[in-house]
Amino acid sequence: MAHTDQTTRRVLRREIAGTIGLLADEHDFRAMRRYRSFTFDDHATYLRQVEALLRARASQGTHTTVALFDPEEYADFCMAAGLDPDAPASRSRFAAELAARGPTVPYEGQPLADLLPALVDEAVRRATWEYASTLLARLGSCATCGEDLGRAAFARASRLLRRVLETAPPGDRHLVCSVSGAPETLVAVLHADDDLDGTPHVDEAEALEFTGVLALGLATHSPGGLVMRVSTPGGPDRVHGWRLRGYGLEPLTAGEVFDAYCTDVESGDLISPESNVDYCAPPDLGDDRLPPGHHH
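Residues numbered from 1 in each chain as written. Predicted model: local features only at pLDDT ≥ 70, side-chain atom pairs only at ≥ 80, totals over all residues. Heavy atoms only, no water.

**Student:** I would appreciate a short explanation of the environment of alanine 157 in the present structure.
**Tutor:** Within the secondary structure, alanine 157 sits in helix 7 (residues 149-167). For the pair formed by alanine 157 and alanine 219, sequence separation is 62 residues and the distance between their alpha carbons is 9.5 Å. If we ignore the near neighbours within four places in the chain, the residues touching alanine 157 are Thr211, Leu214, Ala215 and Leu218. (Helix = DSSP H or I, 4+ residues; strand = E, 2+ residues; numbered from the N terminus. Contact = heavy atoms within 4.5 Å.)

**Student:** Any chance you could explain the layout of surface pockets here in plain terms?
**Tutor:** In this approach a probe as big as a water molecule rolls over the atoms, and the regions it shows empty are the leftover space. Of the voids in this model, the largest pocket is the one considered here, and its volume is about 470 Å³. Surrounding the largest pocket, 19 residues form its lining, Ile20, Gly21, Tyr46, Arg91 and Ser92 being those nearest its centre. Mapped onto the lining of the largest pocket, the elements with two or more residues apiece are strand 1 (18-22), helix 3 (43-59) and helix 5 (88-101). A total of five residues in the lining of the largest pocket trace back to one element, the largest contributor, which is helix 5. Residues that form the lining of the largest pocket fall into these classes: twelve nonpolar, six polar and one charged. (1 Å grid on protein atoms, 1.4 Å probe; cavity = no way out; pocket = protein on both sides within 12 Å on 5 of 7 lines; lining within 4 Å. Points joined across faces, edges and corners; volume = space filled by probe spheres on them. Nonpolar A, V, L, I, M, F, W, Y, C, P; charged D, E, K, R; others polar.)

**Student:** Would you mind going over unusual backbone geometry with me for this structure?
**Tutor:** Located in the positive-phi region is histidine 221, a residue other than glycine, with phi close to 55°. Mapped onto the secondary structure, histidine 221 falls in the loop between helix 8 (204-220) and strand 7 (224-231). In this model, asparagine 276 sits at a positive phi of 60°, which is unusual for a non-glycine residue. Along the chain, asparagine 276 falls in the loop between helix 9 (254-261) and strand 10 (277-279).

**Student:** Can you walk me through the packing of aromatic side chains in this structure?
**Tutor:** The description of an aromatic ring pair uses the distance of the two centres, along with the angle that the planes make with each other. Applying the stated criterion across every chain yields a total of twelve aromatic pairs. Here phenylalanine 29 and tyrosine 46 contribute two aromatic rings whose centre-to-centre distance is 5.5 Å and whose plane-to-plane angle is 50°, an arrangement assigned as tilted. Here the residue phenylalanine 29 occupies a position in helix 2 (residues 26-32), and tyrosine 46 occupies one in helix 3, the gap between them amounting to 17 residues. Accessibility classification places phenylalanine 29 together with tyrosine 46 in one group, the buried group. Through a chain of ring-to-ring contacts, the aromatic side chains of Tyr35, Phe69, Tyr74, Phe77 and Phe94 assemble into a single cluster. (Phe/Tyr/Trp six-rings, centres within 6.5 Å; stacked < 30°, edge-to-face > 60°. Buried < 20%, exposed > 50% of the residue type's maximum accessible area, 1.4 Å probe, protein only.)

**Student:** How do you make sense of the nonpolar core when you look at a structure like this?
**Tutor:** Across soluble globular proteins, nonpolar side chains have a tendency to be buried as a group. Of all hydrophobic cores here, the largest spans 33 residues; its most connected members are Leu175, Phe210, Leu214 and Leu249. Of all the elements in the fold, those that place two or more residues in this core are helix 6 (112-137), helix 7, strand 4 (172-179), strand 5 (186-194), helix 8, strand 7 and strand 8 (237-245). Broken down by element, this core gets its largest block of residues, eight residues, from helix 8. Non-local contacts of leucine 214, meaning those with residues more than four positions away in its chain, are made with Ala157, Leu160, Cys177, Leu226, Leu244 and Leu249. Judged by nonpolar contacts, the second largest core, of 26 residues, contains Leu22, Leu23, Met32 and Val66. (Core = buried A, V, L, I, M, F, W, Y, C linked by side-chain atoms within 4.5 Å.)

**Student:** I'm lost on the pairing of strand 5 in this one. Help?
**Tutor:** The side chains of a regular strand alternate, first on one face of the sheet and then on the other. Direction of pairing for strand 4 relative to strand 5: antiparallel, over a ladder of seven bridges. Bridge pairing in strand 5 places valine 176 opposite valine 189. Sheet topology note: the strand 5/strand 6 (residues 200-202) ladder contains three bridges and is antiparallel. Of the residues in strand 6, the one forming a bridge with aspartate 194 is proline 200. (Pairing = 2+ DSSP bridges.)

**Student:** For this particular structure, what's the right way to read the sheet that holds strand 2 (residues 64-68)?
**Tutor:** Two strands in a sheet stick together by hydrogen bonds in their backbones, pointing the same way (parallel) or opposite ways (antiparallel). Spatial strand order, 1-2-3: three strands in an open sheet with mixed pairing. Each edge of the open sheet is held by one strand with a lone partner, namely strand 1 and strand 3 (104-106). Looking at each pair of strands side by side, their axes are set apart by 30° on average, direction ignored. Across the sheet, helix 5 is in contact with strand 1, strand 2 and strand 3; its angle to strand 1 comes to roughly 105°. (Axes fitted to C-alpha atoms, helices over the stretch in contact; angles between N-to-C directions.)

So this is what it looks like as structure tokens:
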């Protein structure tokens, strides 16, 4: 009977999902060393041990997600919940909280060196989306018609993005939208490739973040731009661009796209153009233009 109980517990253990809160950089690792119950002395050793644990759990058929562990957020969490921050159980509860609200990345056997950048990218994307959403929500309503400005800008940005993807040449598309403003420039990235029926396929989370950043630029009339790079096997990459102008997108000429790609942003010096890349005027977005009348 005892043997059967042990076997059953092993089976159940494989069905329990877990989350590991990862201290991705040296600074965060040093911040956690102030707790006596955190017994690691070296960040590199800590990362090796985490990777070994992930591999061990995967070999047992156990699913694990990895989240970024922020020591400052952890301290705030413990204070709000009345927990002792110098206790492993408190760290476990915080990891469970991270699993519920993200961002997380599933461990699928990839090296930690590959997982870490993906996790950081996911965290940046989530923070960008939350920041853009907050600013859009603060815009309030139009004084003329009463329409919610943030919602209207998001709907407009969604239509523009759909037109960009629908009119793009076939291939793998890499889009970047940047919007300048205080306190910093917001940048969103979107990847799109074609399904079997030719319909553009995008990641939903990426699309939400991208649309939010574009909407913020439209609503606030901030300087910004959208660049799309299209790659096809056996042919040159094609680069297209638009600038944010008013409440829409203004196409860049081939020369303007070339200048944007071949100029160093910080120094203004010319950069040699990439080989096997064509700098092109973008496709016509067709019904992109708004009719005359009241617009936000």
